[in-house]
Amino acid sequence: MSEQQELSSTTTTTTETTETTKAPSLYAESNDTDSPYRRVEKLYRKHHITNKFGKKVEAPFPDTSNVIDFHNTQNNTPENNEILQLVSPFPNTEKDMKYFEEALNQYNSQFEHDDELKQRMCYTKEELMNKSIYTLKGYPGFYLIKDLMTSEKQIYWIKQSLEKYPNPPNITNHSYKDSEIKDIFVRSNEGDEEAKDLLKRLAWCTLGYQYEWTSRKYHKERFVAFPDDIGSFVNLIACQCGYGPYIPEAAIVNFYSKDRQMGGHVDDAEYEMSKPIVSLSIGSKCIFLLGGETRDTEPKAIFLESGDCMIMGGRARYCFHGVARIIKDTIPDYLQSKYVDPKYKVYAEYMERDMMRVNINARQVFVVDEENKEK
């Protein structure tokens, strides 16, 4: 298993025995060492070199002038600006608008019984339709919604990702060795040393259908109720971009530290491939690679920033993609402990501790017969 494709592994040593227990890789192994995709990945990924004194040091930060920047388009090369297209406002058909309005009402209803959350989390139709939505020429079905989530919304999703989503029966990278581990974030903040260690090593958790990593299959009998809050949110995003109706059935929450990457892969284990992957970015900025349908296509490098949402549908659903690098010192001020409301300080401190990036990516797993469903 290559280190680029493995998001997390844990090695445990005791006085009696030496045991290595690896959490399964989220994605299939690859022997790829020198494809066009791999060469670009190597260009941006963090690595170490030997200096003139024979000491291992971190290599200089790479030139990012060819990375597509949706937030500062004036910094893009002319070639990159040529393929970047602003496509909002969405939705733009009567049918899509119907699904969008229904999804918006469903999402907002999740917070209507709590005045504070209602103020922080709800959207208006006009607010969403005024968001900047981009696509890239040559990648039909790919969309990037810039600044979709305000700072308050991002803090809410960080809180859910740390306090709720990793709890059993959901699976984490710890489940394969440490069995069921509950409330590690809360316990960590209460001073539990074991929980602190587990939290530091928390790399991913799964929601909804629990994926069988070895066989690369979903099993209908291994279903955990998908959280209503994030489920209604990704449904709303999918419907806005013309992919309604959308049923979020599985998700992975990735916890990236500054030293983690995600190797190039295709999310192709779902039975329903006409529905998109919906991916939220919170925390540190990263360099995301979007390639072609084989590793023989050189990928485009893209900056993803905190608050962005990426949709990979259509043919883009079949493209190799991954995270080449987490960029240090890029957590926005509004997620830093010295600026946030004191009641959210523990979440900001978690994000700052290892320059974290939290990524929630959801998908519909099974095909739904919409015609018969309506009957």
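Located above this text is the structure these notes cover.
S.K.: How should the overall build of the protein chain be read in this particular structure?
M.R.: Regarding its fold elements, the protein chain presents 12 helices and 17 strands. In the protein chain, which comprises 375 residues, the share counted as buried stands at 56%. For the protein chain, restricting intrachain contacts to residue pairs at least 6 apart in sequence, the fraction spanning at least 24 positions comes to 75%. A total of about 17,300 Å² of accessible surface is found on the protein chain, and carbon and sulfur atoms cover 46% of it.

S.K.: Explanation requested: empty space enclosed by the protein in the structure shown.
M.R.: Empty space among the atoms becomes visible once a probe the size of a water molecule is rolled across them. The final tally for this structure, using the stated rule, is four cavities of 30 Å³ or more. Estimated volume of the largest cavity: approximately 170 Å³. Only strand 10 (250–256), strand 11 (262–265), strand 12 (277–283), strand 15 (309–312), strand 16 (321–326) and strand 17 (357–363) provide two or more residues apiece to the lining of the largest cavity. In terms of residues, the lining of the largest cavity owes the most to one element, strand 17, which gives four residues. Split into classes, the residues belonging to the lining of the largest cavity amount to nine nonpolar, seven polar and three charged.

S.K.: Could you clarify how one ought to interpret the state of the cysteines in this entry?
M.R.: Defined simply, a disulfide is a covalent bond joining two cysteines at their sulfur atoms. All chains considered together, the criterion is met by zero disulfides. Cysteine C309 is unpaired, with the sulfur of C241 as its nearest cysteine sulfur at 7.1 Å. For C309, a relative accessible area of 0% translates into the label buried.

Criteria and cut-off values
Residues numbered from 1 in each chain as written. Predicted model: local features only at pLDDT ≥ 70, side-chain atom pairs only at ≥ 80, totals over all residues. Heavy atoms only, no water. Helix = DSSP H or I, 4+ residues; strand = E, 2+ residues; numbered from the N terminus. Buried < 20%, exposed > 50% of the residue type's maximum accessible area, 1.4 Å probe, protein only. Contact = heavy atoms within 4.5 Å. Areas by Shrake-Rupley, 256 points an atom, 1.4 Å probe, with all protein chains shown as cover. 1 Å grid on protein atoms, 1.4 Å probe; cavity = no way out; pocket = protein on both sides within 12 Å on 5 of 7 lines; lining within 4 Å. Points joined across faces, edges and corners; volume = space filled by probe spheres on them. Nonpolar A, V, L, I, M, F, W, Y, C, P; charged D, E, K, R; others polar. Disulfide = S-S within 2.5 Å.

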